[in-house]
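Here is what each chain is made of, one letter per residue.
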Amino acid sequence: MKFADVIGQKEVKDVLLAQVRAGRLPHALLLTGDTGYGTLALALALASYVMCSQKGDNDSCGQCPECVKTDKLIHPDLHFSFPVIKKSSGKTTSDTYINEWLTQLGSDKYFDLTDWLRVIGTENKQAIIPDDEADNIIRKLSLSAYEGGWKVMIIWLPERMNGAAANTLLKTLEEPSPKTLFILCSEHPEMLLDTIVSRTQRVDVPPLSTEDLCQALTERRGLDNDTAMGVARVAGGSWLKALKQICDSDDSKAKLNSFMQLMRLAYMRDLNGLMRWSESMASLSREQQKEYLTYMLHLLRENFIYNFGRSELNFMTPQERDFAYKFARFINERNIKQFSEEFAHALRDVAGNVFGRTIFFNLALRTIILLRA
Ligand SMILES: [Zn+2]
């Protein structure tokens with residue numbers, strides 16, 4: 001993958017390119033940012049650039065044998081670790097799902113954990129980088145580079161690694177081998193061990209600019225400029241959110257409907273209705289529950305901001321705006337802080353395996369009280 005194929009992110013590309021050109025590449029890079037900002041695409045472009053035997057000043061050549069192999073994801077010195085679902089018996093490593101991984105990555109470099117779980121067909125479970133992966137990392141890195149050049153290990157969502165795998169990674173980072181590059185692509189660097197973070201060089205990948213998103217939507221999806229601008233403005237800098245809006249609007253509608261339902265039922269103090277709402281939320285996969293809650297948290301903030309009448313600060317779709325027109329006045333300075341805390345709390349509980357229906361029913365009860373504040 002060439003840097004030219006990564007959407008936007010000119011500043012980050014320049015920083016990475018300058019380091020390679022100056023021969024000052026650290027042995028471990030930590031790219032932080034939402035997957036929709038392009039962390040994984042940047043990691044692949046950097047891997048290609050490092051390995052390319054005829055690199056230019058600003059990009060890999062795309063044609064040398066190394067580029068051909070990295071493009072096809074078959075370069076023997078390019079390795080991956082990523083979250084998977086543990087099999088009930090036997091060892092599970094990332095490589096257990098390597099075929100699915102290469103198929104996904106071969107078709108699109110922009111995807112999130114929910115997309116990935118859909119690919120491996122296990123939406124209802126929590127994905128981790130399992131302990132068995134520790135041996136795998138050691139084994140892969142102890143092999144000398146086939147091509148005599150760089151070895152690159154891309155770790156997607158390293159925050160999903162704990163226990164033995166994280167300790168192995170830490171040890172490996174403490175004693176770096178020459179010409180070995182780790183690229184960690186993290187959405188939640190705050191969840192990584194401090195000792196791991198301190199042994200990497202951190203590069204924050206920011207949200208994509210509205211202009212870059214707009215350009216990508218017109219070039220890659222054939223949208224006209226006005227439509228592309230409309231989509232880009234509410235995508236929060238994420239290519240995935242932009243795509244979801246145009247491809248998967250049923251999903252956004254379902255989330256908005258669920259939010260509206262919760263607020264209406266809570267306003268009417270309809271306990272039976274809220275019980276049914278809790279059950280429907282609990283029936284979603286855990287990753288979907290997190291998505292819904294994250295979305296609702298976002299919508300609460302947007303509704304709060306709506307009250308100030310500053311549309312340039314608001315990022316809502318037309319449907320969300322319609323609802324906010326009547327609803328926003330219920331979200332105010334007396335309850336926004338607590339509302340945010342309650343939803344963030346529910347998010348943590350979902351991640352921590354607490355029984356779904358209880359989380360959502362509690363949240364519904366708190367919503368009744370907070371709406372009256
Ligand atoms: Zn090349």
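In what follows, the structure referred to is the one given above.
Notes on the structure in this doc start here. All figures in this text were calculated on a predicted structure; none of them were measured in a lab.

Criteria and cut-off values
Residues numbered from 1 in each chain as written. Predicted model: local features only at pLDDT ≥ 70, side-chain atom pairs only at ≥ 80, totals over all residues. Helix = DSSP H or I, 4+ residues; strand = E, 2+ residues; numbered from the N terminus. Expected span 1.5 Å × (residues − 1). Buried ≥ 20, exposed ≤ 12 C-beta atoms within 10 Å, placed from the backbone. Arc of directions from axis to C-beta. Core = buried A, V, L, I, M, F, W, Y, C linked by C-beta atoms within 7 Å. Contact = placed C-beta atoms within 7 Å. Pairing = 2+ DSSP bridges. Axes fitted to C-alpha atoms, helices over the stretch in contact; angles between N-to-C directions.

**As for helix H13 (residues 271-282)**
An α-helix turns once every 3.6 residues. As a result, residues three or four positions apart point the same way. Across its 12 residues, H13 extends 16 Å between first and last C-alpha, which sits within 8% of the 16 Å expected from 1.5 Å per residue. Within H13, the full set of buried residues consists of Leu274, Trp277, Ser278 and Met281. All buried residues of H13 fall inside an arc of 100 degrees around its axis, so they share one side.

**Considerations on the nonpolar core**
Among the nonpolar cores identified, the biggest contains 70 residues, and Leu31, Ala43, Ala47, Ile154, Ile183 and Cys185 are the most heavily contacted of them. For this core, the element with the most residues is helix H2 (residues 39-51), which contributes 11 residues. Once residues within four sequence positions are removed from consideration, isoleucine 154 is found in contact with Ala43, Ala47, Phe80, Ile183 and Cys185. If you look at the next biggest cluster of nonpolar residues, it comprises 28 residues, including Leu293, Tyr306, Phe323 and Ala328.

**Quick look at the sheet that holds strand E3 (residues 151-156)**
Taken in spatial order, the five strands make up an open sheet running E2-E3-E4-E1-E5, and their pairing is parallel. Two strands close off the open sheet at either side, each with one partner strand: strand E2 (78-81) and strand E5 (201-204). Strand-to-strand twist in this sheet, taken as the mean axis angle between neighbours without regard to direction, amounts to 20 degrees. Two elements, strand E1 (residues 28-32) and E5, share four bridges in a ladder whose sense is parallel. Pairing of leucine 30 across the sheet is with arginine 202, part of E5. Sitting on the sheet, H2 touches E1, E2, E3 and strand E4 (180-186), and the angle it makes with E4 is about 170 degrees.

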